[in-house]
Amino acid sequence: MTDPRLLRLRAELAMELQKDEVSRKYGYCQTLLWRALRSDALHRHLNVDPRQGLNLIEEILALTLGQQGRSIYRTNFLAELESIRKRLVSAAEERKRTEGLSKRVPRPPAKLALVLYLLMEDADADAAAGDLEQRFPERIKRLGERGARIWYAKQIGTSVWPLLWAAGQRVLKSAVGSVLSIVLRTVGLGSVADELKRVAGVQRRRAGIVGGGRLEVDMRSGQALDKSPRESR
Amino acid sequence: MNDSLGEFEVLVLTGVIAGGADAYGMTVHEEVEKLVTAKRNVSLGAIYTTLGRLEEKGFVESWFGEPTTERGGRAKKFYRITAPGKRVLHEALAPMAKALRVVGPGWSEV
């Protein structure tokens, strides 16, 4: 407790507790306690760290009970302090909760990014989803949160067809390659067939239809968790 | 290597150049949107698909940056045009530039 006003309150309380008049002591302690609770210093402490404010209450409680152990007011006083402590804890929690709400950063609808992971290579999907997420706060400033969400959904929605088309082309190339490979093997041109098979495999992996591993996606962030071993370019 | 460029590939390559040294998907997307008419919708998916195709052809090269929190822990993929890319872009744009010079300024108002 470093605030001079709180130190002064503590000194006043300690002085008052030297007196023997129990009932007056009780009344004065109450007054001091309420003054402490209303003081800016305590509230500032509570704003910074609720525990510091509660420490003060604990200190007053310890000082009071140390001198007033046999007092008939002990039970009442303890109950009152406990009730004040509970109110303070509840106020601090409420403040923390509202501060937390006001600082909430809107997040993009990341589940939509799953579409990118389904239709693109993981690394490219990561890059595209990251681009959208990076631009999201800027869009909130320009369009508001709802507008930004619509913008995000539109970016993904309009990307589906080109991505699907590209993936389809790669699948087609892969299928044609496989058929040609079988034909070439039949006519005895195995080495050419092997090369075609390799190319077809690359196309299948790039189309995202054969991963060689599982594609697990974090439902909150939309990020791929388990990267399939894909061919590096 | 197929050296011909489609119209959209020309736009994307131009976008990569306009995006500067640290061009990435979204900056290329924005540059391409500036180049096309307002009626034409350019999707980020089309940009990435085209960039992938251009990379396969050897006209652009890419590398990954560090993952950042503002991108949800995802890395940025940067692109830059290669020497063959510059050559084919020049070949694609040169006839158009000549044509524009021939018709002269203000030709569309006739």
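Preceding this paragraph is the structure being described.
Residues numbered from 1 in each chain as written. Chains lettered and ligands numbered in written order. Predicted model: local features only at pLDDT ≥ 70, side-chain atom pairs only at ≥ 80, totals over all residues.

Undergrad: Sorry if this is basic, but what is going on with the overall build of chain B here?
TA: Secondary structure summary: chain B contains four helices and three strands in total. Out of the 110 residues belonging to chain B, those deemed buried represent 35%. Partitioning the contacts of chain B with sequence separation of at least 6, the portion at a separation of at least 24 is 48%. (Helix = DSSP H or I, 4+ residues; strand = E, 2+ residues; numbered from the N terminus. Buried ≥ 20, exposed ≤ 12 C-beta atoms within 10 Å, placed from the backbone. Contact = placed C-beta atoms within 7 Å.)

Undergrad: Would you mind going over the packing of helix α2 (residues 25-35) of chain B against helix α3 (residues 44-57) of chain B with me for this structure?
TA: Geometrically, a packed helix pair is captured by the angle between its two axes and the distance between the axes. Residues and elements named next belong to chain B. It is the contact of α2 with α3, at a shortest axis distance of 9 Å, that shows an interaxial angle of 110°. In terms of their interaxial angle, α2 and α3 are classed as roughly perpendicular. Contact residues: G25, V28, H29 and V32 in α2; L44, I47, Y48 and L51 in α3. Split by residue class, the contact of α2 with α3 holds six nonpolar, two polar and no charged. (Axes fitted to C-alpha atoms, helices over the stretch in contact; angles between N-to-C directions. Parallel < 35°, antiparallel > 145°, perpendicular 65-115°, else oblique. Nonpolar A, V, L, I, M, F, W, Y, C, P; charged D, E, K, R; others polar.)

Undergrad: I tried to follow the interface of chain A and chain B on my own but got confused; where do I start?
TA: Note: interface size is frequently given as the accessible area lost on complex formation between the parts. In this assembly, 21 residues from chain A lie in contact with 20 residues from chain B. Across the side of chain A that touches chain B, the residue classes tally to eight nonpolar, seven polar and six charged.

Undergrad: For this particular structure, what's the right way to read the environment of T82 of chain B?
TA: All names here are of chain B. If you trace the backbone, T82 turns up in the loop between β3 (77-81) and α4 (83-103). The class for T82 is partly exposed, based on 15 C-beta atoms found within 10 Å. Sequence-distant contacts of T82, defined by excluding residues within four places in its chain, comprise G58, F59, V60 and E61.

Undergrad: In this structure, what is going on with the nonpolar core? I would like to understand it.
TA: Note on soluble globular proteins: their nonpolar side chains tend to be buried together. Core analysis: the biggest nonpolar cluster contains 39 residues, and L116 and A128 of chain A together with V12 and I47 of chain B have the highest contact counts within it. Those elements giving two or more residues to this core turn out to be α6 (114-119) and α7 (122-186) of chain A together with α1 (7-18), β1 (23-24), α2, α3 and β3 of chain B. When sequence neighbours within four positions are dropped, the list of residues in contact with A128 of chain A reads L116 and M120 of chain A together with G25, L44 and Y48 of chain B. (Core = buried A, V, L, I, M, F, W, Y, C linked by C-beta atoms within 7 Å.)

Undergrad: Sorry, what's going on with the environment of L54 of chain B here?
TA: Residues and elements named next belong to chain B. One can find L54 in helix α3. Looking at L54, the number of C-beta atoms within 10 Å reads 23, which means it is buried. Measuring from C-alpha to C-alpha, the distance between L54 and L13 comes to 8.3 Å, with 41 residues separating the pair along the chain. Apart from the residues lying within four places of it in its own chain, the contact partners of L54 are E9, V12, L13, F59, V60 and G85.

Undergrad: Which parts of the structure should I look at to understand the sheet that holds β1 of chain B?
TA: What links the strands of a sheet is backbone hydrogen bonding, and the strands pair in either a parallel or an antiparallel sense. Residue and element names in this part refer to chain B. On the basis of which strands lie adjacent, the open sheet formed by three strands has the order β1-β3-β2 and antiparallel pairing. A single partner strand is all that each edge strand has here, and the edge strands are β1 and β2 (60-64). Of the pairings in the sheet, the one linking β1 to β3 comprises two bridges and is antiparallel in character. Residue A23 lies in a different strand from β3, and its bridge partner there is Y79. (Pairing = 2+ DSSP bridges.)

Undergrad: Is there a simple way to explain α1 of chain B in this structure?
TA: Because an α-helix packs 3.6 residues into every turn, residues spaced three or four apart end up facing the same way. Residue and element names in this part refer to chain B. Taking 1.5 Å per residue as the helical rise, α1 with its 12 residues ought to reach 16 Å, and the 17 Å between its terminal C-alpha atoms agrees with that figure. Within α1, burial applies to E9, L11, V12, L13, G15 and V16. Of the surrounding secondary structure, the elements contacted by the buried residues of α1 are β1, α2, α3, β2, β3 and α4. Downstream of α1 by one or two residues, G20 has phi in the positive range, about 80°. (Expected span 1.5 Å × (residues − 1).)

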